[in-house]
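# Remarks on the overall topology
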2 protein chains.
Amino acid sequence: MNIVIIGGVAAGAKAAAKIKRLLPDASVKIFTDDTHVSYSSCGLPYYIQGNFKDYTMLLVRSVEEFKKSGIDVYLQHKVTKIDLKSKNITVNNNFNDFYVPYDRLIIATGARPFIPEVKGVHDYTNIYILRKIEDGIKIRNKMLESKKVVIAGSGFIGLELLEAFVQNGLEVTLIERKNRLMPAFDEDMSKIIRDRLESIENRSFKLITDESIVEFAGEGENASKVITSTGREIETDFVVLCAGVVPNTEIAREAGLIIGKSGAIKVNKLMQTSAVNVFACGDCCEEPHLINGQSVWVPLGSTANKEGRCAAMNAAGIYTVFEGVLGSAVTRCLNTTMSMTGFTEREAQNFGYTPISVTVNKNDMVAYMPEVGDFTLKVVADKVTGLLLGGQAVGSIGADKRINALAGALTGRLTVREFANNDFTYSPPFSPTIDPLLDAMNLLCAKLGC
Amino acid sequence: MNIVIIGGVAAGAKAAAKIKRLLPDASVKIFTDDTHVSYSSCGLPYYIQGNFKDYTMLLVRSVEEFKKSGIDVYLQHKVTKIDLKSKNITVNNNFNDFYVPYDRLIIATGARPFIPEVKGVHDYTNIYILRKIEDGIKIRNKMLESKKVVIAGSGFIGLELLEAFVQNGLEVTLIERKNRLMPAFDEDMSKIIRDRLESIENRSFKLITDESIVEFAGEGENASKVITSTGREIETDFVVLCAGVVPNTEIAREAGLIIGKSGAIKVNKLMQTSAVNVFACGDCCEEPHLINGQSVWVPLGSTANKEGRCAAMNAAGIYTVFEGVLGSAVTRCLNTTMSMTGFTEREAQNFGYTPISVTVNKNDMVAYMPEVGDFTLKVVADKVTGLLLGGQAVGSIGADKRINALAGALTGRLTVREFANNDFTYSPPFSPTIDPLLDAMNLLCAKLGC
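Quick notes on the rules
Residues numbered from 1 in each chain as written. Chains lettered and ligands numbered in written order. Predicted model: local features only at pLDDT ≥ 70, side-chain atom pairs only at ≥ 80, totals over all residues. Heavy atoms only, no water. Helix = DSSP H or I, 4+ residues; strand = E, 2+ residues; numbered from the N terminus. Rg over C-alpha atoms; globule rule 2.2 N^0.38 Å. Buried < 20%, exposed > 50% of the residue type's maximum accessible area, 1.4 Å probe, protein only. Contact = heavy atoms within 4.5 Å. Areas by Shrake-Rupley, 256 points an atom, 1.4 Å probe, with all protein chains shown as cover. Pairing = 2+ DSSP bridges. Axes fitted to C-alpha atoms, helices over the stretch in contact; angles between N-to-C directions. pLDDT = per-residue confidence, 0-100. Buried area = accessible area lost by both parts, 1.4 Å probe. Salt bridge = Lys/Arg side-chain N within 4 Å of Asp/Glu carboxyl O. Polar contact = N/O pair within 3.5 Å; in protein donor to acceptor, adjacent residues only side chain to side chain. Expected span 1.5 Å × (residues − 1). Phe/Tyr/Trp six-rings, centres within 6.5 Å; stacked < 30°, edge-to-face > 60°. Lys NZ or Arg CZ within 6 Å of the ring centre and 35° of its normal. Core = buried A, V, L, I, M, F, W, Y, C linked by side-chain atoms within 4.5 Å. Least-squares fit on C-alpha atoms with pLDDT ≥ 70 in both. Left-handed = near helix turned anticlockwise from the far one by under 90°. Nonpolar A, V, L, I, M, F, W, Y, C, P; charged D, E, K, R; others polar. Domains from an automatic or database assignment.

### A short note on the overall build of chain A
In terms of regular secondary structure, chain A is built from twelve helices and 25 strands. Relative to its length of 450 residues, chain A is compact, with a C-alpha radius of gyration of 23 Å against a globular reference of 22 Å. A burial count over chain A gives 59% of its 450 residues as buried. Taking the intrachain contacts of chain A between residues at least 6 apart in sequence as the baseline, contacts between residues at least 24 apart amount to 63%. Accessible surface, chain A: about 17,400 Å² in total, of which carbon and sulfur atoms supply 48%.

Here it is as structure tokens:
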């Protein structure tokens with residue numbers, strides 16, 4: 001049995017390891033155009049920050065380790081075509097093309113940073129994206145010799161890099177073309193993120209929203225200036241583009257696989273694509289949302305691992321269902337933890353619910369404790385059914401604890417009334433007497449009359 | 001309408017404030033034998049530790065504030081009798097007895113430390129218990145002039161005081177008569193608590209289990225020696241008894257109210273006792289367990305607040321149900337967070353389940369992060385139905401986040417299979433790629449064949 005896997009960062013690496021354990025006699029091959037396999041790309045901002053000095057700590061499993069367990073990894077081998085009829089793929093190794101036949105194909109081609117087509121964007125060597133290990137190394141080296149940087153985009157990676165650069169003493173300008181930071185959150189929560197970040201005294205960063213970059217300018221191979229839509233000119237030593245990601249689905253699309261509305265590959269709960277014996281997993285494919293079952297595209301490392309495992313199980317003939325995601329995500333930027341799960345109010349509206357929400361700002365522990373912090377928690381429910389739909393929390397690290405507690409309720413499809421009965425742990429260093437999540441539930445109950 | 005409340009720490013204070021808001025024209029009186037009203041007794045170990053210097057930070061609402069909102073507080077007024085027939089109580093103010101009539105009575109008499117009847121226990125002034133504000137003040141003052149202390153008992157308060165005394169440079173001996181620390185946890189988790197605490201280098205404390213104090217000895221008014229069941233003699237400057245608590249139910253019992261098996265007052269979900277118009281709430285009464293509805297006695301500050309609110313609502317004629325507790329609890333001792341929810345394996349067995357459990361030891365974030373810690377998580381489920389029954393986590397602070405996530409699943413009565421679909425937040429400073437809770441769920445699924 002020939003098992004071929006395209007891509008090997010998270011989903012592909014996980015799928016390969018799993019299927020080899022399930023089918024020890026099968027031939028398992030990973031093809032990737034990357035220079036590394038099986039690594040934690042989510043850790044790159046922390047490597048850049050200098051939280052650890054050696055980038056090899058990001059590597060989960062080396063080519064040699066794969067080899068030892070009987071898996072062949074082909075680095076810098078780009079798959080250019082999938083032939084569903086002949087059941088083979090075309091691989092280019094920078095010298096020539098060759099065919100590799102498969103009995104089961106697992107597509108884990110991931111996603112890549114979106115590059116906005118701005119004047120000059122391709123003309124300079126100091127305009128970076130962050131996706132792969134070598135991107136991280138380049139950005140860290142550039143940071144160490146620089147004083148000023150511009151970050152384009154204020155999503156998760158943009159804010160993680162903001163922290164990294166600020167902690168390394170750089171003067172940072174972050175530009176977001178939308179009218180607010182962290183557009184994955186609701187507008188009111190974006191405002192709180194901004195307020196918290198701008199409350200930092202003597203800060204060496206500037207947050208610009210509602211403004212986009214229209215030109216990169218410079219002499220020679222380095223851009224030295226960023227020009228924005230308002231005519232603002234910002235001098236910089238380098239630029240990182242953090243303008244979101246797009247799924248790598250070109251070869252899947254050309255092969256005729258069904259692509260979802262999001263632009264990612266359509267799969268069922270067994271991670272099967274529209275072609276028999278062809279699976280997809282990780283950032284290149286859609287997934288069902290746990291709350292309403294609809295297809296969404298939420299490219300995240302935790303999901304990629306689960307999907308890789310599920311694809312491998314089914315490719316090995318063991319019926320396994322991946323029920324879906326909640327879109328749970330968290331990150332940190334300096335003094336601010338940002339955590340979310342389920343639908344935002346805006347998403348809930350888009351999906352046809354009648355959302356109702358409450359927002360509370362509460363201490364994360366009893367006020368007399370010296371380490372006390374605070375966070376703002378927004379919980380969204382459906383006005384018609386009382387069903388919990390999602391939550392967002394911004395503030396101290398305690399924000400994340402509450403969002404994960406809420407995620408369990410969403411998985412169980414609990415109503416506000418049901419979840420309001422919850423019994424959280426309490427002790428002065430861990431929570432106020434009444435947990436902020438229960439405060440929010442009680443307020444929601446009052447609004448819903450439940 | 002005369003509303004009389006007996007006790008005013010957490011449940012009583014909450015009930016008074018709530019009912020006065022609901023029935024502004026009613027007369028609301030709190031009688032308490034305490035010298036303070038409305039305070040955070042859970043904060044006393046942190047006050048003793050010196051996390052904050054002023055004990056008044058523990059006070060939630062003063063007598064004057066109650067007065068301002070129309071509530072009369074009678075400090076150092078001991079209620080000695082409830083007459084259900086005449087609908088009045090007998091109050092002693094240290095000078096004489098008087099009667100107070102009620103239309104609604106709310107009993108919130110709380111609990112008190114259990115004092116083991118050991119030779120000499122009543123003979124010395126340096127043997128303390130910790131319950132009230134003045135206890136905390138006395139213990140802190142004594143600690144500041146002492147070098148050695150013996151703690152009797154290794155429950156929540158015992159371990160919180162261990163931290164307090166160690167952080168203040170004392171040499172601490174903790175003696176637990178059971179064969180393990182923190183007997184509220186399962187035996188295997190107790191062992192982990194002990195191993196973690198004893199892994200602290202150059203520690204100034206000694207943990208003794210399976211040994212009880214048989215005598216306090218000394219000259220004059222101070223005990224200077226503790227003698228144990230093995231003949232061990234321990235010199236000390238003072239002693240704190242942390243041997244558990246007993247509910248204050250004497251007057252309720254004498255009045256003829258039904259008392260539960262636990263020894264605490266029996267109430268229904270409306271916090272009604274067996275007598276009409278008489279309610280009980282807080283540490284003096286039982287509560288239903290959310291998982292199986294059976295009456296349990298779990299005296300905790302968070303519960304007391306909820307029950308006080310519920311009693312007030314129903315006493316005011318507004319139908320309100322308190323669904324119950326999970327026994328969720330958390331505390332910290334030096335390098336160790338201990339968090340639990342639902343049934344332990346032992347409790348599950350006692351309640352007639354066929355418990356099955358898994359225990360995992362995992363990092364609390366990705367291994368390359370400099371702040372990485374680890375914790376051990378045990379999850380208990382019912383083998384017959386696959387229902388989740390409880391969890392315990394011991395280790396780094398991340399332990400508590402997982403227990404609270406599990407509590408939501410218990411509230412929703414989810415099975416292992418259902419909760420295994422959960423989508424937790426992931427980012428290197430917050431969690432490993434696969435959250436430890438999901439690792440545990442996957443292992444449980446494998447054991448259950450689900």
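Moving on from the coordinates now.
### Description of the sheet that holds strand β9 (residues 127-129) of chain A
Backbone hydrogen bonds hold the strands of a sheet together, and the pairing may be parallel or antiparallel. All names here are of chain A. The strand order across the open sheet formed by five strands is β9-β16-β10-β11-β12, and the pairing between neighbours is parallel. Either end of the sheet is taken by a strand with one partner, and the two such strands are β9 and β12 (205-209). Neighbour to neighbour, the strand axes of the sheet diverge by 20° on average, direction disregarded. The pairing of strand β10 (residues 148-152) with strand β16 (residues 238-241) spans four bridges and is parallel.

### Thoughts on the confidence of the model for chain A
Averaged over chain A, the pLDDT score is 97; the fraction of residues at 70 or greater is 100%. At the level of chain-chain contacts, confidence expressed as ipTM amounts to 0.94, with global pTM at 0.96.

### A look at the interface of chain A and chain B
Taken together, the contacts link 58 residues of chain A with 58 residues of chain B. Taken over both partners, the interface formed by chain A and chain B buries close to 4,700 Å², and the fraction arising from carbon and sulfur atoms is 62%. By the criterion of area lost to chain B, the three top residues of chain A are Tyr368, Asp423 and Phe430 of chain A, representing 16% of everything that side buries. At the boundary of chain A and chain B, one finds four salt bridges. Residues lysine 401 of chain A and aspartate 400 of chain B are paired through a salt bridge, measuring 2.5 Å at the closest nitrogen-oxygen approach. Here chain A is connected to chain B by 20 residue pairs in polar contact (both at pLDDT 80 or more).

### Considering unusual backbone geometry
Phi at arginine 413 of chain A is positive, roughly 50°, even though this residue is not glycine. With respect to the helices and strands, arginine 413 of chain A occurs in the loop between α10 (398-411) and α11 (416-419). Note on arginine 413 of chain A: relative accessible area 47%, which makes it partly exposed. With phi around 50°, glutamine 76 of chain B is a residue other than glycine that occupies positive phi space. Along the polypeptide, glutamine 76 of chain B turns up in the loop between β3 (71-74) and β4 (78-83).

### Brief notes about the pattern of salt bridges
The tally for this structure, following the rule as stated, stands at 44 salt bridges over all chains. Across the pair arginine 112 of chain A and glutamate 250 of chain A runs a salt bridge whose closest N-O atoms are separated by 2.8 Å. In this pair, arginine 112 of chain A is assigned in strand β8 (residues 111-113) and glutamate 250 of chain A in helix α7 (residues 250-255), connecting sequence segments 138 residues apart. With relative accessibility at 33%, the residue arginine 112 of chain A sits in the partly exposed group. For glutamate 250 of chain A, a relative accessible area of 37% corresponds to the partly exposed category. One salt bridge in this structure joins aspartate 439 of chain B and lysine 362 of chain B, with 3.8 Å as the shortest N-O distance. Residue aspartate 439 of chain B is located in helix α12 (residues 436-448), and its partner lysine 362 of chain B is located in strand β23 (residues 355-363); the two are separated by 77 residues in the primary sequence. Members of the salt-bridge network, linked through shared partners, are Asp186, Asp188, Glu345 and Lys378 of chain A.

### So, helix α1 (residues 11-22) of chain A
Given 3.6 residues to a turn, an α-helix orients residues that are three or four positions apart in the same direction. Residues and elements named next belong to chain A. End to end, α1 covers 16 Å across twelve residues, agreeing with the expected 16 Å (1.5 Å per residue, within 8%). Among the twelve residues that make up α1, nine are buried, leaving the element largely enclosed by the rest of the structure. Taken together, the buried positions of α1 are occupied by Ala11, Gly12, Ala13, Ala15, Ala16, Ala17, Lys18, Ile19 and Lys20.

### A closer look at the pairing of strand β6 (residues 97-101) of chain A
Residue and element names in this part refer to chain A. Here strand β5 (residues 88-92) runs beside β6; their pairing, made up of five bridges, is antiparallel. For valine 91, the partnering residue across the bridge sits in β6 and is phenylalanine 98. What sits between β5 and β6 in their antiparallel hairpin is a turn of four residues, with asparagine 94 showing a positive phi close to 80°.

### Quick notes on the packing of aromatic side chains
What the rule picks out here adds up to 18 aromatic pairs over all chains. For the pair tyrosine 368 of chain A and phenylalanine 52 of chain B, a centre-to-centre distance of 4.7 Å together with 45° between the ring planes defines the contact as tilted. Of the two residues, tyrosine 368 of chain A sits in the loop between β23 (355-363) and β24 (374-382) while phenylalanine 52 of chain B sits in the loop between α2 (44-49) and α3 (63-68), which places them in two different chains. In this structure, arginine 203 of chain A is placed above the aromatic ring of phenylalanine 205 of chain A, and the distance from its NZ or CZ to the ring centre is 5.9 Å.

### Topic: the nonpolar core
Ile82, Ile89, Leu105, Ile107 and Ile265 of chain B are the most contacted members of the largest nonpolar core, which totals 53 residues. Isoleucine 107 of chain B has contacts with Ile6, Ile82, Ala252, Leu257, Ile265, Val278, Phe279, Ala280, Cys281 and Cys284 of chain B, leaving out every residue within four places of it along the chain. In terms of nonpolar packing, the next biggest core, distinct from the first, is built from 52 residues, Ala108, Ile265, Ala312 and Phe322 of chain A among them.

### Quick look at helix α8 (residues 301-315) of chain B
Residues and elements named next belong to chain B. Here α8 contains 15 residues, and its C-alpha end-to-end distance of 21 Å stays within 8% of the 21 Å for a straight helix at 1.5 Å per residue. Among the 15 residues that make up α8, 14 are buried, leaving the element largely enclosed by the rest of the structure. Glycine 317, located one to two residues past α8, shows a positive phi value of around 90°.

### Re the relation of the copies chain A and chain B
Superposing chain A onto chain B takes a rotation of 180° combined with a translation of 0.0 Å along the rotation axis, leaving an RMSD of 0.0 Å. These values place the two chain copies in the arrangement generated by a two-fold rotation axis. Looking at the rotation axis and the C-alpha trace of chain A, the residue lying nearest is alanine 405 of chain A, at 1.9 Å. When the interface residues of chain A are mapped onto chain B, 100% of them again fall at the interface, so both copies present the same face.

### Focus on the packing of α1 of chain A against helix α8 (residues 301-315) of chain A
Residue and element names in this part refer to chain A. Between α1 and α8, whose axes approach to 7 Å, the crossing angle comes to 35°. For α1 against α8, the interelement crossing comes out right-handed. Residues Ala11, Lys14, Ala15, Lys18, Ile19 and Leu22 of α1 pack against Ala304, Asn305, Gly308, Arg309, Ala312, Met313 and Ala315 of α8. By residue class, the composition of the contact of α1 with α8 is eight nonpolar, two polar and three charged.

### Quick word on the side chain of asparagine 248 of chain B
All names here are of chain B. Looking at the secondary structure, you find asparagine 248 in the loop between β17 (245-247) and α7 (250-255). A relative accessible area of 18% means that asparagine 248 is categorised as buried. A polar side-chain atom of asparagine 248 sits 2.5 Å from a polar atom in the side chain of arginine 112. Apart from the residues within four sequence positions on either side, asparagine 248 is in contact with Thr109, Gly110, Ala111, Arg112 and Cys284.

### Re the domain arrangement of chain A
All names here are of chain A. Each assigned domain of chain A is listed here: domain 1 (2-111 + 246-315), domain 2 (127-243) and domain 3 (335-448). The straight-line distance from the C-alpha centre of domain 1 to that of domain 3 is 35 Å. Between domain 1 and domain 3, the contact holds six residues from the first and eight residues from the second. Seen at the junction of domain 1 and domain 3, the total is zero salt bridges.

### A look at the sheet that holds strand β14 (residues 222-228) of chain A
Residue and element names in this part refer to chain A. Taken in spatial order, the three strands of this open sheet run β13-β14-β15, and their pairing is antiparallel. Unpaired on one side and paired on the other, β13 (213-219) and β15 (233-235) mark the two borders of the sheet. Taken pair by pair, the neighbouring strands of this sheet meet at an average axis angle of 30°, ignoring direction. Relative to β14, β13 is paired through six bridges, and the arrangement is antiparallel. Within β14, the residue paired with alanine 217 across the bridge is lysine 225.

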